[in-house]
Amino acid sequence: HRFELAMTERLRHDVAMASATSADGNDNSKSGQHEDEALSTMEAGEGLQLSQLQQQQQRQLEISQAEADMHATIVDEYAAGVTAVANGMASLQRAVVDLAEHAQAQGVTLGTIEGNMGNAASATEDASKQLSMTNHHHQAGTKMFYRLMFLAAMIAASLIIIVVRRHG
């Protein structure tokens, strides 16, 4: 907004300077008058020219000030833009660092979960083998127990038959 104001002010000064230049040309074109009148006009013209020269210098100074203001405004806007970009880059860097840390933490967690799953699978396989072996031993032990019970029953029956035949 300040840039537009500075440009408008400069255009006003340029128009004023152009009209002053055309006025100078009209004042200096007074020829064909008597020498006395020319001399007095010249003296008056010198005063007028001096005044116009001072006004022109003042306008140029004002134009230079307007240009300086315009350039200062442009520099301020450019500096604000650079600052905004720098802040955006810093925010982006923080986000990338946070993302990298999060990804690394997730990788460690995933590695731990994967390791635990492998350990659980191995332990389950070992437990299954042990249960199978225990079942086989139990079945073998049960068969042996039944055989021993059958043998004990046979011996008891033989003893009963022998005792009854001798006594009876």
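Residues numbered from 1 in each chain as written. Predicted model: local features only at pLDDT ≥ 70, side-chain atom pairs only at ≥ 80, totals over all residues. Heavy atoms only, no water.

Quick word on the overall build of the protein chain
For the protein chain, the count of helices and strands is two helices and zero strands. Here the protein chain holds 168 residues, and 6% of them are scored as buried. (Helix = DSSP H or I, 4+ residues; strand = E, 2+ residues; numbered from the N terminus. Buried < 20%, exposed > 50% of the residue type's maximum accessible area, 1.4 Å probe, protein only.)

Description of the pattern of salt bridges
If you walk through the whole model with that rule in mind, you get one salt bridge. Across the salt bridge formed by K129 and E125, the nearest N and O atoms sit 3.7 Å from each other. Here K129 pairs with E125, and both are found in helix α2 (residues 35-167), just four residues apart, close to one helical turn. (Salt bridge = Lys/Arg side-chain N within 4 Å of Asp/Glu carboxyl O.)

Comments concerning the packing of aromatic side chains
This structure, assessed with the given rule, holds one aromatic pair. Centroid distance F145 to Y146: 6.2 Å. Interplanar angle 50°. Geometry classified as tilted. We classify Y146 as exposed; its relative accessible area is 56%. (Phe/Tyr/Trp six-rings, centres within 6.5 Å; stacked < 30°, edge-to-face > 60°.)

Some points on the confidence of the model for the protein chain
Looking at the protein chain as a whole, the pLDDT averages 77, with 71% of positions reaching at least 70. Below pLDDT 50 for its whole length, residues 26-43 participates in five contacts with residues either more than four positions away or in separate chains. (pLDDT = per-residue confidence, 0-100. Contact = heavy atoms within 4.5 Å.)

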